[in-house]
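Coordinate analysis (summary)
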Amino acid sequence: MKPSIPKGTRDFSPQEMVKRNYIFDTIKRVFQRYGYLPIETPAMENLSTLMGKYGEEGDRLIFKILNNGNYFSNFKNDEHLSEVKNQGEKGFTQYISEKALRYDLTVPFARYVVQHQNEITFPFKRYQIQPVWRADRPQKGRYREFYQCDADVIGSNSLINEVELVQLIDDVFTKLNVPVLIKINNRKILSGIAEVIGEKEKITTITVAIDKLDKIGVDGVNKELQENGVSVVAIEKLQPLIRFQGSTSEKLNFLKKLLTTSEIGLNGVEEAECIFKGLAQIPDFKSQIELDITLARGLNYYTGAIFEVKATNGTLTSSICGGGRYDDLTGIFGLPNMSGVGISFGADRIYDVLNELNLFPESVSASTKVLFVTFGETEQNYCIPLLARVRKAEINSEIYPDATAKMKKQMSYADDKKIPFVVIVGGDEVQNGLLTLKNMASGSQDKKTIEDIIEILKNNH
RNA sequence: GUGGCCAUAGCUCAGUUGGUUAGAGCAUCGGUUUGUGGUACCGAGGGUCGUGGGUUCGAGCCCCAUUGGCCACCCCA
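Model, not experiment: these values are computed from the prediction. Numbering of residues starts from 1 in each chain and follows the order in which that chain's sequence is written. The order in which chains are written sets their letters, starting at A; the order in which ligands are written sets their numbers, starting at 1. Restriction of local features to residues with pLDDT of at least 70 applies here, the model being predicted, together with a cutoff of 80 or more for giving and counting side-chain atom pairs; totals for whole chains, interfaces and linings are based on all residues. Side-chain numbers here rest on the full set of heavy atoms in the structure, without hydrogens or water.

1. Describing unusual backbone geometry
That bond from Phe122 to Pro123 is cis: its omega, -5°, falls within 30 degrees of zero. Note that Pro123 resides in the loop between α6 (106-115) and β5 (124-133). For Asp284, which is not a glycine, the phi torsion comes out positive at approximately 60°. Numbering goes from the N terminus for both helices and strands, where a helix is a DSSP run of H or I of at least four residues and a strand is a run of E of at least two. Checked against the element boundaries, Asp284 lands in the loop between α13 (263-280) and β8 (288-291). Using a 1.4 Å probe on the protein chains alone, a residue whose accessible area is under 20% of its type maximum counts as buried, one over 50% counts as exposed, and one in between counts as partly exposed. Residue classification places Asp284 among the exposed residues on the basis of a relative accessible area of 66%. Notably, Glu394 is not glycine yet its phi reads approximately 65°, a positive angle. Relative to the elements of secondary structure, Glu394 occurs in the loop between α15 (377-392) and β13 (397-399).

2. A few points about the domain arrangement of chain A
A common way to report how large an interface is uses the accessible area buried once the components associate. Each domain span listed reflects an automatic or database assignment of domains. By domain assignment, chain A separates into domain 1 (14-41 + 104-356) and domain 2 (366-459). The C-alpha centroid of domain 2 is placed 52 Å from the C-alpha centroid of domain 1.

3. Some words on the sheet that holds β5
Two strands qualify as a pair provided DSSP detects at least 2 bridges between them. Reading across the sheet, the 8 strands line up as β1-β5-β6-β11-β10-β9-β7-β8 and stay open at both edges, with mixed pairing between neighbours. Across the chains shown, the open sheet's two edge strands, defined by having one partner strand only, are β1 (37-38) and β8. Bridge count between β5 and strand β6 (residues 145-154): 10 bridges; the pairing is antiparallel. The residue bridging Ile129 from the neighbouring strand is Cys149, located in β6. The contact criterion used throughout is that any non-hydrogen atoms of two residues lie within 4.5 Å. Fitted lines through C-alpha atoms serve as axes, helices being fitted only where they are in contact, and the angles separating the N-to-C directions of these axes extend from 0 to 180 degrees. Sitting on the sheet, helix α7 (residues 160-175) is in contact with β5, β6, β7 (180-186), β8, β9 (305-311), β10 (321-326) and β11 (340-346), with an inclination near 15° to β11.

4. Let's talk about the environment of Ile39
One can find Ile39 in the loop between β1 and β2 (44-46). The class for Ile39 is buried, based on a relative accessible area of 11%. When the C-alpha atoms of Ile39 and Cys274 are compared, they prove to be 31 Å apart, with 235 residues separating the residues in sequence. If we ignore the near neighbours within four places in the chain, the residues touching Ile39 are Phe109, Tyr112, Phe124, Arg126, Tyr127, Gln128 and Gln130.

5. Some thoughts on the confidence of the model for chain A
Per residue, pLDDT measures the predictor's confidence, with a range of 0 to 100. On average, residues of chain A carry a pLDDT of 89, and 97% of them reach 70 or more. Model confidence for the complex: the whole-complex pTM is 0.89, and ipTM, which rates the interface, is 0.81.

6. Observations concerning the pattern of salt bridges
A pair is scored as a salt bridge if a Lys or Arg side-chain nitrogen falls within 4 Å of a carboxyl oxygen belonging to Asp or Glu. Following the criterion strictly, the structure yields 14 salt bridges and no others. Measuring nitrogen to oxygen at the nearest pair gives 3.9 Å for the salt bridge that ties Glu164 to Lys125. Residue Glu164 is located in helix α7, and its partner Lys125 is located in strand β5; the two are separated by 39 residues in the primary sequence. The salt bridge partner of Lys256 is Glu273, with a shortest N-O separation of 3.2 Å. Placement of Lys256 in helix α12 (residues 248-258) and of Glu273 in helix α13 is noted, with a sequence separation of 17 residues between them. Residues participating in the shared-partner salt-bridge network are Arg10, Arg20 and Asp348.

7. Thoughts on helix α18 (residues 450-459)
Listing the buried residues of α18 in full gives Ile450, Ile453, Ile454 and Leu457. The buried residues of α18 occupy an angular sector of 100° when the element is viewed end-on, so they sit on one face. Against β12 (370-374), α15, β14 (421-425), β15 (435-439) and β16 (445-448) lie the buried residues of α18. Along the arc lie the directions from the helix axis toward the C-beta atoms.

8. Remarks on the nonpolar core
Nonpolar cores are built from buried Ala, Val, Leu, Ile, Met, Phe, Trp, Tyr and Cys residues. Side-chain atoms within 4.5 Å join them into one set. Counting 98 residues, the largest nonpolar core has Phe173 and Phe345 as the members making the most contacts within it. With 7 residues, the top contributor of residues to this core is α7. Sequence-distant contacts of Phe345, that is, excluding residues within four places in its chain, are made with Ile27, Phe31, Tyr147, Gln148, Cys149, Leu168, Ile169, Val172, Phe173, Ile320, Cys321 and Ile350. With 18 residues, the next largest nonpolar core counts Phe372, Ile399, Leu435 and Ile453 among its residues.

Okay, here's the thing in C-alpha cells:
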C-alpha cells in the first residue's frame, strides 16, 4: 500500500515544526501580554452548532462526520427513507451525520461562552490556538486543515477593544518582522450604503460584489451587481462611493455626507472614526492602516467593525489575519445581548509568508546544543552521570545511542542535526577525566573538564 | 460545484518520428579512514514509467477512461 494523507493536509517535519512553533509562541506571548487567557474546545462539534453560521457556502465546506453504527436507524421505514432521499443532499445529511469538524474557532467559542456562562466573568478575554477544517479545494495558501490563532473579547461594547486588537495585530507582525496592511471597515457603513441606494435587502449581494473591486474593477463589480438584480438606479448611486479616493478623514467626511439619511450608516462612520482616533494615539505603530469601504468579509456573523490583514511583500495575496465584531453570535445558543469582537491569525499562511521572505530567525533551527560521542559501552556508561549534570545546567544535550557506531556515523549525526558542539569520550578521556570538546563550526577542539564544558556551553548562545 | 495544467527512483527532472536491459543530479547506505562531521574520490540499493483499458510486430511516448496533484474561479485564514 502506498502511504498517503488526505488532500489538503500536510505532515510537518522537525525543521518545519520548529519554525511553526516560533510563530505560535510569538502570537501566544502577545495574546498573553494583552490579558487573553487560553481555552480549548473539541475538534468536533455537534453539526447543528455549526450549520447556518457561515452562510450557504460555509455549510457546504463543513466536514461532516458520519455517524457510527447503523446509518438507517434514524429512518422509520422505507417510505420515510425515500422521502428524505428526495430532499437531496442537505436533508439526507442530518440523518447520517450529527457531528462535524470545527470550521473556525469563533462559533465554538460562542457555544463555549453560553454553555459556561455561569463560570465566566465578563468581559471575557480568551485566546485559542487550534486547527480548523474546511472541505475546500486546496490551492496556494489554502489548506483543508490549518491552524487559527484567535483572540476574542466578549461581553464588552467598548470600541477600545477594537483599538487594542488592531494594536495587537501590529505587535504580532512587528515581532515577526512582516510588513502588513491592516484594512478596517464597518458592516454598519455597508448597511448604510445599501440603505441609501435603496437596496437594503440586497446588502449581502452588494457587499460581496464590492469586496471584489480591486480584483475585477469597477466594471466587473457593476456587472455582477446587475446580474444579481440590483437596480440600475442603485448602481448609479453607488458609483461615487466605490470610485472615491482619499485619506481616511476625507473618506469619513464623504461618508458622513452620503449617509445622512441612514442612522445605522452614520453610526458605523462614528465607530470607524473613533477607532482611527484611538489608533492614532498608539506610539510606534508600524503597520499601514486603511479605511477600506470595499472590505466586506464573507462570514455572516459580523455586525460592526471588520478587519483584514495582508502582507505587503511576497506573492501571497490572500489575507493572513481577519476579524471583526459580532453582536449576537451567542443569541442563537440562548444568550442574547452579548457583543463580542475578535481576530484570527492564519498561522499556516503566515508561515508561507515568512518562508518566502526568509524571515525566520537563524536561532530557531538549533535545538540540541551538544552531542556526546563515545567508542563503546564503557565510555557510554561513563557519560551517563555527565549528561545528567549537563542537563541539570539546562543545556540541551544527547548521546549517540548506538555505542558501537563508527565515529564518522556519530559525527555525521551531529552535523546533520546542526548540533554546534560534540564531546568526544574515548579510553583516554575516561582515564584522565579530560573530555574532548569540539566546536563543529570552527573544527577546533580542546581537552576540558566537565565543569569547564558546562560553563562554555552555558555562555554560548 | 466550474475550468486549465501536470503525473518517470525518497526529491528535482532528462528520456530522440513509437524501437535492445528507462537515465542524471540530489538524498540514503557502504567504502577510501578501527579517534573526527561538513569538502573529495569509489561503489551499492532503489522503478509494474499514477491506475485500468485500447491502437501497434513493438508504448514512458499515441488514444480513451479513471485516480491523484498543482493552479484559477466561487469562497476564505
